[in-house]
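If you want the building blocks of each chain, they are given just below.
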There are 2 protein chains.
Amino acid sequence: MSTRKVVVREDVARYANVSPAVVSYVLNKGPKRVRPETEARVLEAIRVLGYRPNAAARALKLQSQEIFGLVLSTGGNALFVELANAIEDAANALGFAVINTNSRESAAREREHLRNLVNRRVDGIMLASVEAQPDISEVARAGVPVLLLDNGGSIESVPSVGADLEAGAYDAVRHLIDHGHERIGMISGPPTDLSDGREAGWSRALAESGLPEGPLVPATPKRFGGYKAAKRLLASGDGLTALFTSCDAQGVGALRAVHEAGLRIPDDIAIVSFDGSTEAEFTWPGLSTMRQPVEQMAEDAVAELLALRDGGRAPTHRTYPTTLQARGSCGCVDKDPLS
Amino acid sequence: MSTRKVVVREDVARYANVSPAVVSYVLNKGPKRVRPETEARVLEAIRVLGYRPNAAARALKLQSQEIFGLVLSTGGNALFVELANAIEDAANALGFAVINTNSRESAAREREHLRNLVNRRVDGIMLASVEAQPDISEVARAGVPVLLLDNGGSIESVPSVGADLEAGAYDAVRHLIDHGHERIGMISGPPTDLSDGREAGWSRALAESGLPEGPLVPATPKRFGGYKAAKRLLASGDGLTALFTSCDAQGVGALRAVHEAGLRIPDDIAIVSFDGSTEAEFTWPGLSTMRQPVEQMAEDAVAELLALRDGGRAPTHRTYPTTLQARGSCGCVDKDPLS
DNA sequence: TTGAAAGCGCTAACAA
DNA sequence: TTGTTAGCGCTTTCAA
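By the naming in an unreviewed UniProt entry, chain A goes by LacI family transcriptional regulator and is assigned to Jiangella aurantiaca.

(A) Local environment of the pairing of strand 6 (residues 184-188) of chain A. Residue and element names in this part refer to chain A. Judged by how many residues are buried, strand 6 sits mostly within the fold: five of five residues are covered. The alternating pattern of strand 6 places I184, M186 and S188 and G185 and I187 on opposite faces, both of which are buried. Alignment of strand 6 against strand 8 (residues 242-245), held across four bridges, turns out to be parallel. Along strand 8, the bridge assignment pairs I187 with T245. Pairing analysis gives three bridges linking strand 6 to strand 7 (residues 216-218), with the strands arranged parallel. Counterpart to S188 in the pairing with strand 7 is P218.

(B) Region of the structure containing the confidence of the model for chain A. Averaged over every residue, the pLDDT of chain A is 90; residues scoring 70 or more account for 96%. Least confident of the elements in chain A is helix 7 (residues 137-141) of chain A, whose mean pLDDT is 87; most confident is strand 10 (residues 288-291) of chain A, at 98.

(C) Geometry of the relation of the copies chain B and chain A. Least-squares fitting of chain B to chain A yields an RMSD of 0.2 Å, with the transformation described by 0.1 Å of translation along the axis and a rotation of 180°. On this basis, the relationship between the two copies can be described by a two-fold rotation axis. Considering only C-alpha atoms, the residue of chain B closest to the rotation axis is I99 of chain B, which sits at 2.2 Å. Take the interface residues of chain B: 98% of them recur as interface residues in chain A, which is what a same-surface contact looks like.

(D) Representation of the interface of chain B and chain A. Taken together, the contacts link 63 residues of chain B with 62 residues of chain A. In total, about 4,900 Å² of surface goes out of reach between chain B and chain A, with carbon and sulfur atoms giving 49% of it. Taken as a group, R52, R256 and F282 of chain B account for 17% of the area that chain B buries against chain A, more than any other trio of residues on that side. Linking chain B with chain A are eight salt bridges.

(E) Summary view of the domain arrangement of chain A. Entries for chain A in the domain assignment read domain 1 (1-50), domain 2 (64-162 + 294-320) and domain 3 (165-292 + 324-330). Here the C-alpha centre of domain 3 of chain A lies 60 Å away from the C-alpha centre of domain 1 of chain A.

(F) Spotlight on the pairing of strand 4 (residues 146-149) of chain B. Residues and elements named next belong to chain B. With burial as the criterion, each face of strand 4 is covered, one bearing V146 and L148 and the other bearing L147 and L149. Pairing between strand 4 and strand 5 (residues 160-163): two bridges, direction parallel. Directly across from L149, in strand 5, lies its bridge partner V161.

(G) Local environment of the protein's contact with DNA strand D. Taken together, 27 residues lie around DNA strand D, and Y25 and T38 of chain A together with R9, K32 and Y51 of chain B are the ones closest in. Restricting the count to atoms of DNA strand D within 4 Å of the protein gives a sugar and phosphate share of 54%. Contacts to DNA strand D include A57 of chain B, whose backbone N or O atom sits 3.4 Å from a base nitrogen. Contacts to DNA strand D include K61 of chain B, whose side-chain N or O atom sits 3.2 Å from a base oxygen. Among the secondary structure elements, those contributing two or more residues to the surface near DNA strand D are helix 2 (20-28) and helix 4 (55-62) of chain A together with helix 2 (20-28) and helix 4 (55-62) of chain B. Split by residue class, the surface near DNA strand D holds 13 nonpolar, six polar and eight charged.

(H) Geometry of the packing of aromatic side chains. Enumeration over the complete set of coordinates arrives at six aromatic pairs over all chains. Here the aromatic rings of F224 of chain A and Y227 of chain A are separated by 6.0 Å at their centres, their planes lie at 25°, and the arrangement is stacked. Placement of the pair is F224 of chain A and Y227 of chain A together in helix 10 (residues 223-235), with a separation of three residues, close to one helical turn. Its relative accessible area of 22% is what places F224 of chain A among the partly exposed residues. Each ring, one from F68 of chain B and one from F96 of chain B, has its centre 4.6 Å from the other, and the planes form 15°; the classification is stacked. One end of the pair, F68 of chain B, is in strand 1 (residues 67-72); the other, F96 of chain B, is in the loop between helix 5 (78-93) and strand 2 (97-102), with 28 residues separating them in the sequence.

(I) Representation of the protein's contact with DNA strand C. Taken together, the neighbourhood of DNA strand C is formed by 29 residues, with R9, K32 and Y51 of chain A together with Y25 and T38 of chain B sitting nearest. Counting only the atoms of DNA strand C within 4 Å of the protein, the fraction contributed by sugar and phosphate is 56%. Contact distances for DNA strand C include 3.2 Å between a base oxygen and a side-chain N or O atom of K61 of chain A. Between K61 of chain B and DNA strand C, the recorded distance is 2.8 Å, taken from a side-chain N or O atom to a base nitrogen. Sorting the residues of the surface near DNA strand C by element identifies helix 2 and helix 4 of chain A together with helix 2 and helix 4 of chain B as the ones contributing at least two each. For the surface near DNA strand C, the per-class residue count stands at 14 nonpolar, six polar and nine charged.

(J) Quick look at the sheet that holds strand 10 (residues 288-291) of chain B. Residue and element names in this part refer to chain B. Reading across from one edge, 7-6-8-9-10-12 is the order of the six strands in this open sheet, with mixed pairing throughout. Since the sheet does not close on itself, it has two edges, and those belong to strand 7 (216-218) and strand 12 (323-325), each with one partner. For this sheet the average axis-to-axis angle between neighbouring strands, irrespective of direction, equals 20°. Against the sheet, helix 9 (residues 197-208) touches strand 6 (184-188), strand 7, strand 8 (242-245) and strand 9 (270-275), its axis set at about 175° to strand 6. Against the sheet, helix 11 (residues 248-260) engages strand 6, strand 8, strand 9 and strand 10, with an angle of about 160° to strand 9.

(K) Just helix 5 (residues 78-93) of chain A, in detail. Residue and element names in this part refer to chain A. Compared with the 22 Å implied by 1.5 Å per residue over 16 residues, the 23 Å span of helix 5 between its first and last C-alpha is a close match. Counted residue by residue, helix 5 has twelve buried out of 16 residues, so it is predominantly covered. Listing the buried residues of helix 5 in full gives A78, L79, F80, V81, L83, A84, N85, A86, I87, E88, A90 and A91. Where helix 5 begins, the side chain of N77 points an oxygen toward the backbone nitrogen of L79, at a separation of 2.9 Å. Looking one or two residues past helix 5, G95 carries a phi angle of roughly 80°, positive in sign.

About the criteria used
- Residues numbered from 1 in each chain as written.
- Chains lettered and ligands numbered in written order.
- Predicted model: local features only at pLDDT ≥ 70, side-chain atom pairs only at ≥ 80, totals over all residues.
- Heavy atoms only, no water.
- Buried < 20%, exposed > 50% of the residue type's maximum accessible area, 1.4 Å probe, protein only.
- Helix = DSSP H or I, 4+ residues; strand = E, 2+ residues; numbered from the N terminus.
- Pairing = 2+ DSSP bridges.
- pLDDT = per-residue confidence, 0-100.
- Least-squares fit on C-alpha atoms with pLDDT ≥ 70 in both.
- Contact = heavy atoms within 4.5 Å.
- Buried area = accessible area lost by both parts, 1.4 Å probe.
- Salt bridge = Lys/Arg side-chain N within 4 Å of Asp/Glu carboxyl O.
- Domains from an automatic or database assignment.
- Near = heavy atom within 4 Å.
- Polar contact = N/O pair within 3.5 Å; in protein donor to acceptor, adjacent residues only side chain to side chain.
- Nonpolar A, V, L, I, M, F, W, Y, C, P; charged D, E, K, R; others polar.
- Phe/Tyr/Trp six-rings, centres within 6.5 Å; stacked < 30°, edge-to-face > 60°.
- Axes fitted to C-alpha atoms, helices over the stretch in contact; angles between N-to-C directions.
- Expected span 1.5 Å × (residues − 1).

Set out below in structure tokens:
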């Protein structure tokens, strides 16, 4: 039964009594026009025979797989999950598929994935790198467009799409200050991430209000990272009353740590995090967070990659404002989840 | 600069002073042996020229893209995220890439994704369907192997990989009974999911202990679904003291609903859910859950698909036991998160 | 051990 | 409007 021959374009042509070229013209709506009757015959043949054009052949001819590669640094991160979903949708809408890969914090794995995707001649790669200054020279040499995700334009010549980290962090910390907090700690990204604007924003908000810089603890952008960091912060007995975390995953971990310590949120410790993922909506209390416009970022990323592939247009760095999603963890009213 | 010609096999052959065939022999380690000196020359040429074999050409020739397709029904589900990650790893280990797609509860979208993947001639499709009885006739007709994920072998002729839902649910509910609960409600999957063993397991555990069937509320397998369902359950004032939810996402939603109602967990309402995703580890209190062996399932799924493609071996239905991950939400000791 | 060459199935330039 | 055909870059059979 597996010997049943697969239908190819020529079978359709024969059945419809036309040349193979005409089948292509119909399928691709060009580049030549086809008489309506002929087209109908071809379509009928395609239907009857159950013909499906072979994507590999098409890819070989067109030098385009109509596939994007996505390389994410971290597995359990809710924002990345949502970003990945949004990217899939945006790509699918344009007829592109997305190959997902996950580096799980390993630079070696990241390189491996990049190599693989380049070999597959994907039409573009979106990279949320493990490193602050990812080495994409090989990818660039192969002529595959790359776009950096969630990275403040760390490489001039490489386009990027990311939230305005500095401004977002500033707004988050200001909000905590407005709630009356004076001793605000921060759980930041991994130490490699030197250029992270979130630290700068936190720091600026504090300085502007004449407040001392609270303790700063770097951690992996995962629930467990936030959990451990918060535990350490709480144990240090620093008189901390509020915490800003660099992502929702860390925020969730911090929430847990505070609960475990028997402290009340937001009364004893208030928390604001960064990302605006759905996960933050269902914690207890709801996790206040700076929402990144994920869908917009995904759409723009896909469009940018396409533009880069087609015309040699200059790479752009896009920065998106975040908006405060105030919930219970900062001391605002905890509205019910809506989604 | 984008006119720089891409290096193809023939360039390598010319540089190494061999025929293109030899380059292939070296690259594929066969089917012919190559003299070591020649091989060294070829390898050197590949290195110098930065040659990368074109995957599309290879796919066309071999009739294999070395890509699997993954079609997931729901976006925000933590288990699916972990399953997807595990599948990527298992596939990558074999040199395969994975194209991820998400149906977001829509059967139409699911069909669309299946069509696309078939057109791309992927080597196999893993499907967590929106429907209880997915229509995969088209995919089967095209000769693309399919495997059902998280679905109790609903179609005889299609291989599947999934947890033992009935036994898992039974164990979960028994555990609640052992904690002394007598009125145990359930939040189940969507109503389409008639064959779901979790309901049966819940029901059997109750019956065996001579307990009445508590209320049963169907919901989407998402946080919001669990949230709404739990709210309804709580509002019904049914004397409920415990809740079993069909997935962690629902469990997280239920947790939130109970907190909002001002009830204590586990004292007023105890909860056990199903999946064992990392998300359940960081809630407050920790969400007790039946852990599915995701990595094992992923590995087996990939292996099965490969076996199906290569030899015409009979499809197998694999069922995996779940293990209770006891935490605070059921009334057990809430150990600290470890991961 | 190496090489020549026949396709894999498709797109699109060119011819009719 | 339709047909003919030359590749796209690779694998592998068959011949040397």
